Amino acid sequence: MEAALSGLAALADPYLLMLIVIATLGGVLVGALPGLNATTGAALLLPFTITMEPIPAIVILTTIYCSATFAGAITAILINTPGTSASATTCLDGYPLSQRGEAGRALGVAAVSSTIGGIISVICLMLAAPLLARAAYHFAPPEYFALTLFGLSMLASIGNGSPLKNIISGAFGVLLATVGIDLLTSVERFTFDFNELSEGIGFVPVMIGVFGISELLIQAGKISVVREQIAMKAIKLPSMADYKKVWKTILRSSGIGTFIGILPAEGATVASMIGYNEAKRWSKTPEEFGRGSIEGIAGSEAANNAATGGAMVPTLALGIPGSPTAAVILAGLMVHGLRPGPTLFTEQSDFVFAIFWSMMLVNILFFFIGLYGAKLFARVTLVPLQILWPIVFTFSIVGAYALEQSMMDVWIALTFGIVGYVMRRYGYSVVPMAIGLILGGMLETRLGQSMVMLDEQWWLMATRPLTLFFFVLTFLALFGPFFWRKLTGKSAQNNSGVTQ
């Protein structure tokens, strides 16, 4: 309780409150612009937070995360173009409502659902993260190694590519993590005589390249796309009849989003899809879905915003990012010398609860911004791409250079911008690569520590219950779907044979 009150007291700082308001406005702006998303916005801002104190720096990144996730609904409803992938399912019912002249009603439902989903997830974050961190006190290097390996196994299901391509992308990220001097053996690897690479490839320029510059190259092919914008008079709060219709959906999707967010490597996009599907499954009028159902909007928006708080649970408690944007936030923590895990909650409890309370405040702020500013923010979609993306490119280069005042970081950002563009063109998601880079270093370090602890007898890991448990989970994550398809395929064949 004392830590929670100390974290709340940190928000009394006028400077921090000003940063939260500015970052919320910036996050809504980022989320409302098609092509930009929370991950890109956080990656672009990451280098500018390096010189800040840890609390303001991480608060800015989490604020961008929460507000941009909500703002994707604005363009999804008004121009049928989701500002973020997490709002893709919002298009299915939001845009049809707009075409019927009910854009204000649709945005009102989205704002209320997003706020409630976000607040519920932050409450769960406050309760679950300390408990999970306390349980992690029983972890030694072998347990952390097995846990990190399990986190890497979840990369198969993250991103837009096939599971095999996602694993290849993640493996490439782990390979990148081996660049530099091995801390255990002091052997220099893959530096090609560049002294700047002796400490490894920095997270920040890679994040800027794969999320910012590669998106610029992708969007360059969409300059000629013309978007139709729906006129909107004003946003309307849901009526009492609307509340009666959607309150169960909002609570259900909030729970779904929080749970999905907690799972390593999942995120708001997966949560919104499941939330939407479950809303349709439990609806009394499923035939309205796809034609302008407010339940569809509520199910999608409550789930994707609830996933933001859920994703921060494994990120802070275990150091395993719960979403792509959480991976950027994790990189920010590590750049500031903060190690997620039990010690973060015992030694930096004020910091942790300041993050929690700031996320709560952001969810309340974007509710009012959504109600009174959505019409204004919707107009940013009229900014020509020929103007928008050169500005993004400039921010990318300045941000990459500002970190260490090194041209090597600029070349790394440009290189990985091209690498990310090529990967995306051929169906490889860049998200597993980015997470693989972060977790790869942890994996190697924990493995080395485990070998020292077990006197090079690696097979003794299987004698430790928690380590064995995570190994089993990793095996099921990688091969479970394959065996399940084989099993259900045989069952289907047997049933068809009996029927005949």
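Cut-off values and rules
Each chain carries its own residue numbering, running from 1 in the written order of its sequence. Confidence filtering applies because this is a predicted model: local features only for residues at pLDDT of at least 70, side-chain atom pairs given and counted only at 80 or more, and all residues used for totals across whole chains, interfaces and linings. Calculated side-chain values reflect all of the structure's heavy atoms, with hydrogen atoms and water omitted. The working definition used for a salt bridge is a side-chain nitrogen of Lys or Arg within 4 Å of a carboxyl oxygen of Asp or Glu. Only DSSP runs of H or I covering at least 4 residues are called helices, and only runs of E covering at least 2 are called strands; the numbering of each starts at the N terminus. A 1.4 Å probe rolled over the protein chains alone gives each residue an accessible area, and that area as a share of the maximum for its type sets the label: buried under 20%, exposed over 50%, partly exposed in between. Each residue after the first adds 1.5 Å to the expected span of a helix. Taken from the helix axis, the directions to the C-beta atoms give the arc we talk about. Stacked, edge-to-face and tilted labels apply to pairs of Phe, Tyr and Trp rings (six-membered ring for Trp) whose centres lie within 6.5 Å, assigned for plane angles under 30 degrees, over 60, and everything in between, in that order. In this analysis the charged atom, NZ for Lys or CZ for Arg, is taken to sit over a ring once it is within 6 Å of the ring centre and within 35 degrees of the ring normal. Note on geometry: axes are lines fitted to C-alpha atoms, helical ones only across the stretch in contact, with angles between N-to-C directions running from 0 to 180 degrees. Note that the term roughly parallel is reserved for angles under 35 degrees, roughly antiparallel for angles over 145, roughly perpendicular for angles of 65 to 115, and oblique for everything else. For any pair of crossing helices, the crossing counts as left-handed if the nearer helix is rotated counterclockwise from the farther one by less than a right angle, and right-handed if it is rotated clockwise. Working rule for contacts: check all heavy atoms of both residues, and any pair within 4.5 Å makes them a contact. Gly counts as polar in this scheme, as do all residues outside two lists: the nonpolar Ala, Val, Leu, Ile, Met, Phe, Trp, Tyr, Cys and Pro, and the charged Asp, Glu, Lys and Arg. Any N or O atom pair separated by 3.5 Å or less is treated as a polar contact, with the protein-specific requirement of one donor-capable and one acceptor-capable atom, and with residues adjacent in sequence counted only for side-chain atom pairs. We define the nonpolar core as a collection of buried residues of types Ala, Val, Leu, Ile, Met, Phe, Trp, Tyr and Cys that are connected through side-chain atoms lying within 4.5 Å of one another.

Focus on the pattern of salt bridges
A full pass over the atoms with the stated rule returns five salt bridges. Salt-bridge contacts for Glu-444 lead to Arg-189; the nearest nitrogen and oxygen are separated by 2.5 Å. You can see Glu-444 sitting in helix 18 (residues 431-453) and its partner Arg-189 sitting in strand 2 (residues 188-189), a full 255 residues away along the chain. In this structure, Glu-278 and Arg-281 form a salt bridge, with 3.1 Å as the shortest nitrogen-oxygen distance. Here Glu-278 and its partner Arg-281 are both found in helix 11 (residues 268-282), three residues apart, which amounts to about one turn of the helix. Judged by relative accessible area, Arg-281 falls into the exposed class, the value being 61%.

Regarding unusual backbone geometry
One non-glycine residue, Asp-455, lies in positive phi territory at about 60 degrees. Structurally, Asp-455 can be placed in the loop between helix 18 and helix 19 (465-499). With phi around 65 degrees, Glu-456 is a residue other than glycine that occupies positive phi space. The topology assignment puts Glu-456 in the loop between helix 18 and helix 19.

Details of helix 8 (residues 163-176)
Here helix 8 contains 14 residues, and its C-alpha end-to-end distance of 20 Å stays within 8% of the 20 Å for a straight helix at 1.5 Å per residue. All of the buried residues in helix 8 are Asn-166, Ser-169, Gly-170, Gly-173 and Leu-176. One side of helix 8 carries all its buried residues, which in axial view fall inside an arc of 110 degrees.

Comments concerning the packing of aromatic side chains
If you walk through the whole model with that rule in mind, you get six aromatic pairs. Each ring, one from Phe-145 and one from Phe-471, has its centre 6.3 Å from the other, and the planes form 80 degrees; the classification is edge-to-face. Here Phe-145 is found in helix 7 (residues 141-153), whereas its partner Phe-471 is found in helix 19, with 326 residues between them in sequence. Judged by its relative accessible area of 11%, Phe-145 falls in the buried class. When the centroid spacing of 5.2 Å and the interplanar angle of 75 degrees are considered together, the rings of Phe-353 and Phe-356 count as edge-to-face. Note that Phe-353 and Phe-356 are positioned in helix 15 (residues 349-378) at a spacing of three residues, about one turn of the helix. Under the relative-accessibility criterion, Phe-353 is labelled buried at 14%. Between the NZ or CZ atom of Lys-165 and the centre of the ring of Tyr-428, over which it lies, the distance is 5.2 Å.

Some details on the packing of helix 12 (residues 294-317) against helix 13 (residues 324-335)
Where helix 12 contacts helix 13, the axes come no closer than 10 Å and their chain directions differ by 30 degrees. It follows from the interaxial angle that helix 12 and helix 13 lie roughly parallel. In this structure, helix 12 crosses over helix 13, and the sense of that crossing is right-handed. Contacts between helix 12 and helix 13 involve Ala-311, Met-312, Thr-315 and Leu-316 on the former and, on the latter, Ala-326, Ile-329, Leu-330 and Leu-333. For the contact of helix 12 with helix 13, the per-class residue count stands at seven nonpolar, one polar and no charged.

Thoughts on helix 2 (residues 14-32)
End to end, helix 2 covers 27 Å across 19 residues, agreeing with the expected 27 Å (1.5 Å per residue, within 8%). Of the positions making up helix 2, those classed as buried are Leu-16, Leu-19, Ile-20, Ala-23, Thr-24, Gly-27, Val-28, Val-30, Gly-31 and Ala-32. In this structure Asp-13 caps helix 2, since a side-chain oxygen of it lies 3.1 Å from the backbone nitrogen of Tyr-15.

Details of the side chain of Ser-214
Here Ser-214 shows up in helix 9 (residues 203-219). Reaching out from Ser-214, the side chain makes a polar contact with the backbone oxygen of Val-210 at a distance of 2.3 Å.

Re the nonpolar core
Membership of the largest hydrophobic core comes to 111 residues, with the highest contact counts inside it found for Phe-211, Phe-356 and Ile-438. Core analysis: the next-biggest nonpolar cluster, separate from the first, contains seven residues, Ile-256, Ile-260, Ala-268 and Ala-271 among them.

Section: the packing of helix 5 (residues 90-99) against helix 12
One can describe the packing of helix 5 onto helix 12 by two numbers: an axis separation of 8 Å at closest approach and a directional angle of 140 degrees. As the angle between them shows, helix 5 and helix 12 are arranged oblique. At the point where helix 5 passes helix 12, the crossing takes the left-handed sense. When helix 5 is examined against helix 12, the residues Thr-90, Asp-93, Gly-94 and Leu-97 are found in contact with a partner set consisting of Ile-294, Gly-296, Ile-297, Ser-300 and Glu-301.

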